[in-house]
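Here's the letter readout for the chains.
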Amino acid sequence: MWPRDELLKTIWHAFIALDVDHRGKVSKSQLKVLSHNLCTVMRIPHDPVALEKHFKDDDQGPLSNEGYMPYLNKFILDKVREDFDVLEFNKMCWTLCYKKNICTKHLLITDEDSFKIWCIFNFLSEDKYPLVIIIEEIEYFLRKLMETMRTEWSEEKFSDYKLQLNTKKNCLTAWELIEVVGMGYFSKGLNRQSMSLGINEVFQELILDVLKQSLCLTPRCVLKGYMMKKGHKRKNWTERWFILRPNSLSYYVCEDLVEQKGKIALDQNCCVESLPDKDGKKCLFIIKCTDKSFEISASDKKKKQEWIQAIQTCIQLLRLGLPSPHREARLRRRELRQRQHVEEDHLVEKMRQLQVANENKQRQLEAMREKMEEAEAKAALEEHKMLKTQLDLQDRYRLDLEREKMMEEQVAQKSSELEQYLQRVRELEDMYHRLEEALEDERQAKQDEEAMRKLQARLLEEETTKRAELEQFHLQQQRALSQTEAEKQELVAEQLAKERELQTAMLQLDRLEKDRKGALEQYEEVSRKLERAANKTKTWKDKVAKHEGLVRLIQPGHKGPQRITNWGPASFTDAELEMRKKSWQESKNQGAQAQ
């Protein structure tokens, strides 16, 4: 069953050829003719009433491809059978379109070769309209064509052509592909016959699904490509030209494929086996089908093995339900391109997202820049205000400074007066501090004298105590001597100890005597200091008394005569002296009462 997308591609060329104004619309009368011809070549009963009913709502004006497609699918393509001649179908559509699109007179190929390239284009083109063939499929077709013509492939030349093609549109239409092959850009040095044979072989493989045939490119070895087949009825061996397709092995009288003598239908139950030589025939193999078997003799062992391998491959594909190798390869290439397109779309989407993110970043940066500019403007305004404020402050400070200078002059004048007054006050304070120091020295001398008196009294008491102890020790010694002679021996040691203690006490007594003498000397020294301090105080008092206006500050109080006591002049006030007298009188009265 021919794929519907391939049939639609061929019909599309015919529809476009009928579109004279290139508006994508064709008149109904032309569509009727096209539909009738399609039904004829595809062996489908034509129903002109169905066409009228289908387009009854659009009787006037031309019809578009979109409007014709539902009718084409429902009344023609849905009824297609496998027994129609696809070459006749392609040639009918080719006849409608090729004269309007290309002239083959200036090309190195014939109209028949152009037709085959057109069919190959429809097979390899993308399933998008308008139909084009992309650069990958162009390279696939040209490589296969160069391979069949036994010509070396020029990668550098094709790279240059690809570069030129990329600058335009990176794809070709059917007529551009025919022109590229017909101009011989990739097949320079080859004659028409070699090009025709190469195109024919590629055409038979891709369009007619010929997987293998007995073919030789040189006329002298044509007969070597034939194989012998054993008949079923007469059992004779006849030379035939074989063509292998995915589901059949056809054999013809000769290589022009005009007279077909039979066809071996292949299915998943068939098998092919090698046979030993017999009846004078060599390189034998047999194809076993459900109802018949076919014995074939190849020209040599290599051809035999190649045919066995090719037939086994066809049977294996039928068992697996897979299409022919070149169709499967086309599907793989398309799937690969689709994956690449998906990856490219994904990459484009990612790039778009990155671009959107970048634009967002740019917008954010622009917003930040605007904010910075606003901030700078505000900062400039603030700086201007601050500068103005600073100038105002400077003017104010200058006025304040002038006022301060005037005040400083006044203050300086007052300061000089104050300095004179302070100088006088400092002099008086200095004199007062010196007087206080003299009084402090006199008071300290009196305290030292009192301490020495107390120390002398304590030493006298200790001396009296020690004398009493010595007398006691002497009395104890006299009493001890008056004891019996027996106790004398026992008390010798004690006497010695007492003598040692006595010596120690004497030493202490001597030391106390020395301390007393030192205390007396200190007392005499303190007395001399006191006398000097008193003289010094008297001198300062005289100086203060002579100074005008300072007696009241230094020595406040009444000016009556001062009392002189044992402790010195002016040691006590009158009130304190009266209190001491009263206390002394009370203690005296208490002592008298006690007696």
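Our subject is the structure that appears above.
Calculation criteria
- Residues numbered from 1 in each chain as written.
- Predicted model: local features only at pLDDT ≥ 70, side-chain atom pairs only at ≥ 80, totals over all residues.
- Heavy atoms only, no water.
- Helix = DSSP H or I, 4+ residues; strand = E, 2+ residues; numbered from the N terminus.
- Buried < 20%, exposed > 50% of the residue type's maximum accessible area, 1.4 Å probe, protein only.
- Contact = heavy atoms within 4.5 Å.
- Areas by Shrake-Rupley, 256 points an atom, 1.4 Å probe, with all protein chains shown as cover.
- Salt bridge = Lys/Arg side-chain N within 4 Å of Asp/Glu carboxyl O.
- Pairing = 2+ DSSP bridges.
- Phe/Tyr/Trp six-rings, centres within 6.5 Å; stacked < 30°, edge-to-face > 60°.
- Lys NZ or Arg CZ within 6 Å of the ring centre and 35° of its normal.

A. Molecular detail of the overall build of the chain. Per the secondary structure count, the chain includes 15 helices and 14 strands. The buried share among the 595 residues of the chain stands at 31%. Long-range pairs, those at least 24 residues apart, make up 64% of the contacts in the chain between residues at least 6 apart in sequence. For the chain, the accessible area works out to roughly 40,000 Å², and carbon and sulfur atoms hold 52% of it.

B. Quick peek at the pattern of salt bridges. Scanning the model with the defined rule gives 23 salt bridges in all. One salt bridge connects Arg 369 with Glu 373, and the closest N-O pair in it is separated by 2.3 Å. Placement of the pair is Arg 369 and Glu 373 together in helix α12 (residues 325–481), with a separation of 4 residues, close to one helical turn. Its relative accessible area of 37% is what places Arg 369 among the partly exposed residues. The partner of Glu 513 in a salt bridge is Arg 516, and the shortest N-O contact between them spans 2.3 Å. Note that Glu 513 and Arg 516 are positioned in helix α13 (residues 485–546) at a spacing of 3 residues, about one turn of the helix.

C. Layout of the pairing of strand β6 (residues 227–230). Sheet analysis places β6 next to strand β7 (residues 237–245), joined by 4 bridges and oriented antiparallel. If you follow Met 228 over to β7, its bridge partner there is Glu 239. Linking β6 to β7, which pair antiparallel, is a turn of 6 residues; within it Lys 235 sits at a positive phi near 60 degrees. Relative to strand β12 (residues 293–297), β6 runs antiparallel, the two being bridged by 2 bridges. Its bridge partner being in β12, Lys 229 is matched across the sheet by Ile 296.

D. Here's a closer look at the packing of aromatic side chains. Tallying each qualifying case throughout the model produces 9 aromatic pairs. Plain terms: the ring middles of Trp 12 and Tyr 129 are 5.6 Å apart, the flat faces sit at 45 degrees to each other, and that makes the pair tilted. Of this pair, Trp 12 sits in helix α1 (residues 4–18) while Tyr 129 sits in the loop between α6 (111–124) and β3 (133–134), placing them 117 residues apart in sequence. Judged by relative accessible area, Trp 12 falls into the buried class, the value being 15%. A relative accessible area of 42% means that Tyr 129 is categorised as partly exposed. Both rings, one in Trp 94 and one in Tyr 98, keep their centres 4.7 Å apart while their planes meet at 5 degrees; by these two values the pair is stacked. According to the relative accessible area criterion, Trp 94 is buried, its value standing at 5%. For Tyr 98, a relative accessible area of 14% gives the class buried. A connected cluster of aromatic rings, assembled from ring pairs, spans Trp 94, Tyr 98, Phe 115, Trp 118, Trp 175 and Phe 203. Here the guanidinium or amino end of Arg 333 rests over the ring plane of Tyr 140, the centre of that ring lying 3.7 Å away.

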